[in-house]
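Examining the three-dimensional arrangement
Here's the letter readout for the chains.
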Amino acid sequence: MRKYILSICLFLLLSSHAVFAQQKDTVRFDLSLADAATHIVHVTMYCSTNGSDSMIFKMPQWTPGYYQIMNYANNVINFHAGDSKDSLAWRKANINTWIVQTKNTKNVILNYDVVADSVFVANSFMDTSHAYLTPAATFLYIDKKIQTPVVLSIEQYKYWHRIATGLDSVAPATFTVPDFDMLFDCPILAGNLEELPSFSVNGILHRFIGYKMNNFDRVSFINDLKKIVETSVNIMKDIPYKHYAFLGIGPGNGGIEHLTSSANSFTGEELNNERTRKGTLSFLAHEYFHNYNVKRIRPVELGPFDYDNGSKTNQLWISEGWTVYYEYLILKRAGIISDTDLYNNIRGNILAYEKHEGKDHQSLAQASAETWSDGPFGNDPNKTISYYDKGPVVALMLDFAIRHYTNNKQSLDDVMRKLYNEFYKEKNRGFTEEELKKVCEETAGNKLDELFDYVYTTRPLNYSKYFNYGGLDINTTDKSFSIQPTKNPGALQEAILKSWLGNK
Ligand SMILES: [Zn+2]
């Protein structure tokens, strides 16, 4: 986020069913967007009872990427449970839990409607122009059966012709999903969408599909987007997905990252002004880079997700703060922003962090854990901070420290690759706070206690010391925090600054 079946369904025969005929517990959803004018999405869910007397169905309370309880179940209306012949008794156990009596029946068919009337990247909206569906706000799951595979078919509104999503398509408007985590991770955009020219990086297809895009230079935009992906891949040295879709969801604020896609508020209008063009590309780089940092390189607490209560972690300063830091570096190394733009971006974060009392009350780790109650950017500048501001600044100081201690042989890029290879690829899990510190210190070949004090305490940041490692002067005396290259840098400072900026 940045400042956003068959098997069991023997009673229905669709072409896609054959694909899943061998998978006994597959759940099937039929989604109807036919009544777009009413904002009502009709959902039919088919699943097997496996002989149980009752079944518990739940709707997530939040969506990964937007760390706030959203109470999505409030938008579920007209709930009905039945089998192929009769209605089944059911009751609500709490706000997001339905218990259905399934004694003596093999299959359950749930019908319910979802009200999609909120224009926000973490909610769902549908009218006759388009639909943007947040899956966590749309699909019920069987309690404790998140790993169940899903087949999804979508009936569109009669005048629409395109569906865009990160899901694997097996037939027109039909998708297969290995489990509910993946289903909840793939937003759905439908309508008369426009697809911009696609591009490949290392043979992997990247698409940009948008709703209501204005006039802008599409060729130059796609060139920039390709550079952003190439620069990111050059940092991580691997592409973990088979295809990637940038979804432009129209006017609004914010975006949400996913494994094979990102949902981005976007009209293209922003690209017609030089300042907002850089801001938009930076935002897209942020959501894209999250495919590595948080979707795959992740705190151990962010998976399996607790869809009921939220997944609390002290480490969003890494998942979000470092992603802000990397969006700047990616744009600089891709040649989209200047050295001065990069310095000004960092300076903007420092100014935002330094100007409020909250810096003396809440640490980065606390801001991460308490986001569930404080809101994504902190709710009281006198008591809270934003990890979107302090996070990238501490990331820069960490990066320069690692470069300094290793004679510029290692950097935060190496930390990212180690986390990716060791925890995502080898161990297939997230990292603990201790493991993160250990990887940073091993990479630096040095203890980094002072820097981790900046994470766990409200200790004032020694900007000059760390910025100087990278050949940068920062004006802390007049609190302007203006940043510029050191006048007479030593050889190591010069080398660090040059490689950090990606200048030849
Ligand atoms: Zn983010």
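Bear in mind that the values here come from a model prediction, so they are computed numbers and not experimental data. (Residues numbered from 1 in each chain as written. Predicted model: local features only at pLDDT ≥ 70, side-chain atom pairs only at ≥ 80, totals over all residues. Heavy atoms only, no water.)

**Quick word on the packing of aromatic side chains**
One pass over the full model with this rule turns up 45 aromatic pairs. One residue, Arg218, lies across the ring of Phe216, its end atom 4.3 Å from the ring centre. We note Lys427 situated over the ring of Phe423; from NZ or CZ to the ring centre the distance is 4.9 Å. (Phe/Tyr/Trp six-rings, centres within 6.5 Å; stacked < 30°, edge-to-face > 60°. Lys NZ or Arg CZ within 6 Å of the ring centre and 35° of its normal.)

**A word on the pattern of salt bridges**
Taken as a whole and assessed by the stated rule, the structure comprises 27 salt bridges. Residues Glu194 and Arg218 are paired through a salt bridge, measuring 2.8 Å at the closest nitrogen-oxygen approach. Pair noted here: Glu194 is in strand E16 (residues 194-195) and Arg218 is in helix H2 (residues 218-236), with a separation of 24 residues, a long-range link. A relative accessible area of 28% places Glu194 in the partly exposed class. Here Glu441 ties to Lys447 by a salt bridge, and the two come within 3.6 Å at their closest N and O atoms. For Lys447, a relative accessible area of 53% gives the class exposed. Within the structure, one salt-bridge network assembled from shared partners comprises Asp224, Lys227, Glu274 and Arg277. (Salt bridge = Lys/Arg side-chain N within 4 Å of Asp/Glu carboxyl O. Helix = DSSP H or I, 4+ residues; strand = E, 2+ residues; numbered from the N terminus. Buried < 20%, exposed > 50% of the residue type's maximum accessible area, 1.4 Å probe, protein only.)

**Focus: the pairing of strand E1 (residues 27-32)**
Of all the 6 residues making up E1, 6 are buried; the element is thus mostly covered by neighbouring parts of the structure. Of the two faces of E1, both are covered, the one formed by Val27, Phe29 and Leu31 as well as the one formed by Arg28, Asp30 and Ser32. As paired strands, E1 and strand E11 (residues 150-155) are joined by 6 bridges and run parallel to one another. Looking at E11, one finds that Arg28 is bridged to Val151. Sheet topology note: the E1/strand E2 (residues 40-48) ladder contains 5 bridges and is antiparallel. Within E2, the residue paired with Ser32 across the bridge is His42. (Pairing = 2+ DSSP bridges.)

**Describing the environment of Ser368**
Secondary-structure assignment places Ser368 in helix H6 (residues 364-369). Taking the C-alpha atoms as reference points, Ser368 and Thr38, 330 residues apart in sequence, are found 38 Å from one another. Other than its neighbours up to four places away in sequence, Ser368 contacts Thr313, Asn314, Gln315, Leu316, Trp317 and Tyr387. Looking at Ser368, its side chain comes within polar contact range of the main-chain oxygen of Leu364, at 3.0 Å. (Contact = heavy atoms within 4.5 Å. Polar contact = N/O pair within 3.5 Å; in protein donor to acceptor, adjacent residues only side chain to side chain.)

**Thoughts on unusual backbone geometry**
In terms of backbone geometry, most residues other than glycine have negative phi values and most peptide bonds are trans. Pro304 follows Gly303 through a cis peptide bond whose omega is -5 degrees. Assignment of secondary structure puts Pro304 in the loop between helix H3 (274-289) and helix H4 (316-333). Phi at His39 takes a positive value of approximately 65 degrees, unusual for a residue other than glycine. One can find His39 in the loop between E1 and E2. Residue classification places His39 among the partly exposed positions, given a relative accessible area of 27%. Positive phi, close to 50 degrees, is recorded for Asn71, a residue that is not glycine. Summarising the element assignment, Asn71 is placed in the loop between strand E3 (54-58) and strand E4 (76-82).

**Remarks on the nonpolar core**
Ranked by size, the top nonpolar core spans 97 residues in total, and within it Phe221, Trp322 and Trp500 carry the most contacts. Contact partners of Trp322, with chain neighbours within four places excluded, come to Asn293, Trp317, Gly391, Ala395, Leu398, Leu412, Val415, Met416, Leu419, Leu436 and Cys440. One finds Val41, Leu110, Leu140 and Val177 within the second-largest nonpolar core, a separate group that totals 66 residues. (Core = buried A, V, L, I, M, F, W, Y, C linked by side-chain atoms within 4.5 Å.)

**Observations regarding the packing of H2 against H3**
One way to put it is that H2 packs onto H3 with a least axis distance of 10 Å and a crossing angle of 40 degrees. Taken as axis vectors, H2 and H3 run oblique relative to one another. Crossing angle aside, the handedness with which H2 passes H3 is right-handed. The residues of H3 that touch H2, namely those facing Phe221, Asp224, Leu225, Ile228, Val229, Ser232, Val233 and Met236, are Arg277, Leu281, Leu284, Ala285, Tyr288 and Phe289. Here the contact of H2 with H3 is composed, by residue class, of 11 nonpolar, 1 polar and 2 charged. (Axes fitted to C-alpha atoms, helices over the stretch in contact; angles between N-to-C directions. Parallel < 35°, antiparallel > 145°, perpendicular 65-115°, else oblique. Left-handed = near helix turned anticlockwise from the far one by under 90°. Nonpolar A, V, L, I, M, F, W, Y, C, P; charged D, E, K, R; others polar.)

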